Each structure stands twice: as structure tokens, then as C-alpha cells.
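Understanding the architecture of this molecule
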Amino acid sequence: MRKYKVTIDKEACIGCAACTALCDNFIMDGDKAKAKKMIISEKELAKNKAAENSCPVNAIKVE
Ligand code: SF4
């Protein structure tokens, strides 16, 4: 099964928490978002992609 990598640009993150509302892989760490798992499976892709697309500053990359 394919694996995908999740990265968050902490410099870019403005702490809006939109990603945490859409996908449980994202949690707030102080005023920045953090990914619980940086390597995700295909099964988790849709939710993580939704979070990526929700980020107003494009800080999340799922590839
Ligand atoms: S949606 Fe983007 S800016 Fe908002 S908390 Fe998540 S990573 Fe940060």
C-alpha cells in the first residue's frame, strides 16, 4: 500500500486550527499545528488532504 508524507511549515502556520477540525492527525502544539503521524497510509489520505486544502496559508503538504 502506498505511503504519504505529511509536513507542516511551522513558520507559515498562523495557528487557525482549521486542520485540527478536519483531520485527527493534526493537533495544536502551543500556537502551531503538529502532525501526530508524518507518514500516513492511503486510508488516511483523504482526511489529511482535506486538512491540507483547508489551510489558509498552505503550510501543510501531503505528498
Ligand atoms: S490550517 Fe494551516 S495555519 Fe491553520 S493551524 Fe493548520 S497548519 Fe496552521
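See the structure shown above.
This one's a predicted model, so the numbers in the text were calculated from it and none came from an experiment.

**Digging into the pattern of salt bridges**
- One pass over the full model with this rule turns up two salt bridges.
- Of the charged contacts in the structure, one is a salt bridge between Lys37 and Glu44, with a shortest N-O distance of 2.4 Å.
- Judged by relative accessible area, which is 23%, Glu44 ranks as partly exposed.
- One salt bridge connects Lys49 with Glu52, and the closest N-O pair in it is separated by 2.9 Å. With Lys49 and Glu52 both in helix α2 (residues 45–54), this residue pair falls three residues apart, about one helical turn.
- Judged by relative accessible area, which is 13%, Glu52 ranks as buried.

**Notes on the side chain of Ser41**
- Note on placement: Ser41 falls in strand β4 (residues 39–41).
- Since its relative accessible area comes to 12%, Ser41 is described here as buried.

**Observations regarding the site of the ligand**
- Taken together, Cys13, Ile14, Gly15, Cys16, Ala17, Ala18, Cys19, Ala33, Cys55, Pro56, Val57 and Ile60 form the complete shell of residues around the ligand.
- Placement of the ligand is best described as lying within the largest cavity.

**Notes on empty space enclosed by the protein**
- Counting across every chain of the model gives one cavity of 30 Å³ or more.
- The calculated volume of the largest cavity comes to roughly 80 Å³.
- Together, 14 residues line the largest cavity, and Cys13, Cys16, Cys19, Ala33 and Cys55 are the ones closest to its centre.

**A few points about the pairing of strand β3 (residues 32–35)**
- Residues Ala33 and Ala35 line the buried face of β3, whereas the alternating positions Lys32 and Lys34 sit on a face that is not buried.
- With four bridges connecting them, strand β2 (residues 26–29) and β3 associate as antiparallel partners. Looking at β3, one finds that Ile27 is bridged to Lys34.
- In this structure, the hairpin formed by β2 and β3 is closed by a connection of two residues, where Gly30 is found at a positive phi of approximately 70 degrees.

**With respect to the sheet that holds strand β5 (residues 60–62)**
- Across the sheet, three strands lie side by side as β4-β1-β5; this open sheet has antiparallel pairing. The sheet is open, and its two borders are formed by β4 and β5, each paired with just one other strand. Taken over all neighbouring pairs, the strand axes of this sheet differ in orientation by 25 degrees on average, direction set aside.
- Taken together, the three bridges between strand β1 (residues 3–8) and β4 define a ladder with antiparallel strand orientation. Paired with Lys3 across the two strands is Ser41, which belongs to β4.
- Set on the sheet, α2 makes contact with β1, β4 and β5; between it and β5 the angle comes to about 150 degrees.

What counts, and at which threshold
Residues numbered from 1 in each chain as written. Predicted model: local features only at pLDDT ≥ 70, side-chain atom pairs only at ≥ 80, totals over all residues. Heavy atoms only, no water. Salt bridge = Lys/Arg side-chain N within 4 Å of Asp/Glu carboxyl O. Buried < 20%, exposed > 50% of the residue type's maximum accessible area, 1.4 Å probe, protein only. Helix = DSSP H or I, 4+ residues; strand = E, 2+ residues; numbered from the N terminus. Near = heavy atom within 4 Å. 1 Å grid on protein atoms, 1.4 Å probe; cavity = no way out; pocket = protein on both sides within 12 Å on 5 of 7 lines; lining within 4 Å. Sits in = over half its atoms within 2 Å of the grid points. Points joined across faces, edges and corners; volume = space filled by probe spheres on them. Pairing = 2+ DSSP bridges. Axes fitted to C-alpha atoms, helices over the stretch in contact; angles between N-to-C directions. Contact = heavy atoms within 4.5 Å.

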